[in-house]
Amino acid sequence: MARVQAGVTTSHVPAIGAAIDRGQTETDYWRPVFAGYEFSKRWMAEQRPDVIFLVYNDHASNFSLECLPTFAIGCAEEFTVADEGFGPRPVPPVLGHPELACHIAESLILDDFDLTIMNKLDVDHGLTVPMSLLFGQPTAWPVKVIPFAVNVVEYPQPSGQRCFNLGRALRRAIESFPEDLNVQVWGTGGMSHQLQGPRAGFINSTFDQSFLDRLVDDPDALCQIRHLEYLRESGSEGIEMIMWLVMRGAMGERVREVHRHYHVPASNSAVGHLIVEPNS
Amino acid sequence: MNDKEEFDDIPGTTVFTTQRSRQGFHLNQFCMSLMKPENRERFRADEEGYLSQWALTDAQRDAVLRRDYNAAIAEGGNIYFLAKIFATDGRSFVDVAAQMTDMTVEDYTQMMLNGGRSPEGNRSIREGR
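Quick caveat: nothing in here was measured; it's all calculated off a predicted structure. Throughout this document, residue positions are counted from 1 along each chain, in the order its sequence is written. For this description, chains carry letters from A and ligands carry numbers from 1, given in the order in which they are written. Two thresholds apply to this predicted model, a pLDDT of at least 70 for residue-level local features and 80 or more for giving and counting side-chain atom pairs, whereas whole-chain, interface and lining totals are computed over all residues. The side-chain numbers reported here are obtained from all heavy atoms of the structure, hydrogens and water having been left aside.

### So, the pairing of strand β1 (residues 3-10) of chain A
Residue and element names in this part refer to chain A.
Then, in step 1: In terms of burial, β1 is a largely internal element, seven of the eight residues being buried.
Then, in step 2: In this description, strands pair whenever DSSP reports at least two bridges between them. Put simply, DSSP H or I for four residues or longer makes a helix, DSSP E for two residues or longer makes a strand, and each gets a number counted from the N terminus. Bridging between β1 and strand β8 (residues 182-188) involves seven bridges; their strand directions are parallel. Considered in β8, the bridge of Arg3 is made with Asn182.
Then, in step 3: Examined bridge by bridge, β1 and strand β10 (residues 269-278) share four bridges and lie antiparallel to one another. Across the sheet, the residue bridging to Thr10 is His273, located in β10. Relative accessibility thresholds used throughout: buried, under 20% of the residue-type maximum; exposed, over 50%; partly exposed, between the two (1.4 Å probe, protein chains only).

Encoded structure:
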């Protein structure tokens, strides 16, 4: 049977991808950001997961305003890397796992979560930057990826509680897949940041640190955070952190914290990164 | 109180609601067209001509031509869509964020290195916190 091996959360700031692609990771500005992922890359090489269920958001790359699903699951065999306005990132193609993706889609929909099925999906920095942070710059990604896009761009985004509950159902779905697979669940985006208007550059480290603590020990409290509180306390783009709750929901009651990293700034954002393992 | 009625109480912030998505539909769709290199070329060659293909309001068209991102947001633009314009211009998110906050890039970058814009006084206009 498939098993949930571990959970990872990380910010997916596009400038991080640009720094990797341009070989700038050792500059004074970027070194402290990437230092926090050195352990993670070693850990990942030991874990050797088969599949990443990668929760991210599309940044007006695949989904225009013609059609904007709240939850969309990528069921294709391959996902093209999007051109976000300056050419696609020079990263390998992202290969899917259609059998597991279709199984999860069926399981979640029958569990009352209304997913949009994507048989064609272009993926952007929201997905590729976390891959680069955890796997470096290989010629081919060493895992299959199931992209799972959450609308965090247009209000109303799904609630944190909804994302957490989806994560719980996701675990049941993964564990009922007959093939012997190690599956990691990643939640990406965040932490506090605001990219628009006169309040751009907003960072709330107190909120972020508390969020990291409670993601480990008290996720139920995080599920109660409303849209307005995310907007006021973590910046207009900080609500991306609801995607971390999908990961946490999939981990079960208790987790073991393996690694934590927090740094300000990367471009306009606070960078947060957490690795946890289910404590079962 | 409906949370949505509180959105205007957040300083310097425009929340991209379903209504704003309606208001900015054509503006944001224009932005997405810049994901194709050939469209970027056509836009660079003749901005006004390229924009005339899209059903933009005068205010939206003017905001794009002046690269006034705060004005574009007020007219229904969303920053992730507008990012396609400044990517076409070869500008970074930091450059444009500095512009939107009326700071130099140097001052803005230093503010971020110092920990970013403080939440103190930036949560609520009415409550001054």
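Following the structure, the description resumes.
### Notes on the packing of helix α3 (residues 38-47) of chain A against helix α5 (residues 125-135) of chain A
Residues and elements named next belong to chain A.
Then, in step 1: Between α3 and α5, the least distance of the axes is 7 Å, while the angle of their chain directions is 85°. With respect to their mutual orientation, α3 and α5 come out roughly perpendicular. Taken together, the residues of α5 that come into contact with α3 (itself represented by Ser40, Lys41 and Met44) are Leu133, Leu134 and Phe135.
Then, in step 2: Of the residues in the contact of α3 with α5, the class split is four nonpolar, one polar and one charged. Structural elements are reduced to axes, namely lines fitted to C-alpha atoms, with helices fitted over the stretch in contact, and the angle between N-to-C directions of any two is expressed from 0 to 180 degrees. What sets the label is the angle itself: under 35 degrees gives roughly parallel, over 145 gives roughly antiparallel, 65 to 115 gives roughly perpendicular, and the rest give oblique. By the convention used here, residues are in contact when the closest approach between their heavy atoms is within 4.5 Å. When residues are grouped by polarity, Ala, Val, Leu, Ile, Met, Phe, Trp, Tyr, Cys and Pro land in nonpolar, Asp, Glu, Lys and Arg in charged, and all others, Gly among them, in polar.

### Structural notes on the nonpolar core
Residues and elements named next belong to chain A.
Then, in step 1: Throughout this description, the term nonpolar core refers to a set of buried Ala, Val, Leu, Ile, Met, Phe, Trp, Tyr and Cys residues connected via side-chain atoms within 4.5 Å. Ranked by internal contacts, the top residues of the largest apolar core, which has 64 residues, are Phe53, Ile73, Ile104, Phe148, Phe211 and Tyr230.
Then, in step 2: Other than its neighbours up to four places away in sequence, Ile104 contacts Phe53, Ile73, Ile146, Leu170, Ala173 and Ile174.
Then, in step 3: Tyr56, Val91, Val123 and Ala266 belong to the second largest nonpolar core, which has 40 residues in total.

### A few points about the interface of chain A and chain B
Then, in step 1: The partner chain B presents 50 residues to the 45 residues of chain A that form the contact.
Then, in step 2: When two components associate, each loses some accessible surface as probed by a 1.4 Å sphere; the sum of these losses over both components is called the buried area. When the buried surface of chain A facing chain B is broken down by residue, Leu65, Tyr155 and Arg232 of chain A rank first, second and third, together holding 18% of it.
Then, in step 3: Any Lys or Arg side-chain nitrogen found within 4 Å of a carboxyl oxygen on Asp or Glu counts as a salt bridge. Where chain A packs against chain B, one counts six salt bridges.
Then, in step 4: Note that Arg123 of chain B and Glu233 of chain A form a salt bridge whose closest N and O atoms lie 2.9 Å from each other.

### Regarding the side chain of Ser61 of chain A
Then, in step 1: By the secondary structure assignment, Ser61 of chain A is in the loop between β2 (51-56) and β3 (71-74).
Then, in step 2: When near neighbours in sequence (up to four residues on either side) are disregarded, Ser61 of chain A contacts Ala82, Glu84 and Asp124 of chain A together with Met32, Met35 and Lys84 of chain B.

### Focus on the sheet that holds β10 of chain A
In sheet architecture, strand pairing relies on hydrogen bonds along the backbone and comes in two forms, parallel and antiparallel.
Residue and element names in this part refer to chain A.
Then, in step 1: Pairing in this open sheet of eight strands is mixed, and the strands run β6-β3-β7-β2-β8-β1-β10-β9 from one edge to the other. Each edge of the open sheet carries a strand with a single partner, namely β6 (116-118) and β9 (255-266). This sheet shows a mean twist of 20° between the axes of neighbouring strands, independent of strand direction.
Then, in step 2: Relative to strand β7 (residues 144-150), β3 is paired through three bridges, and the arrangement is antiparallel. From the neighbouring strand, Ile73 faces β7, where its bridge partner is Phe148.
Then, in step 3: Where helix α10 (residues 242-250) meets the sheet, its contacts fall on β1, β2, β7, β8, β9 and β10, and the angle it forms with β8 comes to roughly 155°.

### Details of the packing of aromatic side chains
Then, in step 1: Side-chain rings of Phe, Tyr and Trp, where Trp is taken by its six-membered ring, are said to pair if the distance between their centres is within 6.5 Å; with planes under 30 degrees apart they count as stacked, over 60 as edge-to-face, and otherwise as tilted. For the structure shown, the criterion picks out 16 aromatic pairs over all chains.
Then, in step 2: A ring pair is formed by Phe135 of chain A and Trp186 of chain A, whose centres lie 6.0 Å apart and whose planes are at 20°; its orientation type is stacked. A residue pair is termed long-range when its members are at least 10 positions apart, and Phe135 of chain A in helix α5 and Trp186 of chain A in strand β8 qualify at 51 residues.
Then, in step 3: According to the relative accessible area criterion, Phe135 of chain A is buried, its value standing at 15%.
Then, in step 4: Classification of Trp186 of chain A by relative accessible area gives buried; the value is 0%.
Then, in step 5: Judged by centre distance (4.9 Å) and plane angle (90°), the rings of Tyr155 of chain A and Phe7 of chain B are edge-to-face. Of this pair, Tyr155 of chain A sits in the loop between β7 and α6 (160-175) while Phe7 of chain B sits in the loop between α1 (3-6) and α2 (18-23), which puts the two residues in different chains. With respect to burial, Tyr155 of chain A and Phe7 of chain B carry one shared label: buried.
Then, in step 6: Within the aromatic cluster, the residues linked to one another by ring pairs are Phe207, Phe211, Tyr230 and Trp244 of chain A.

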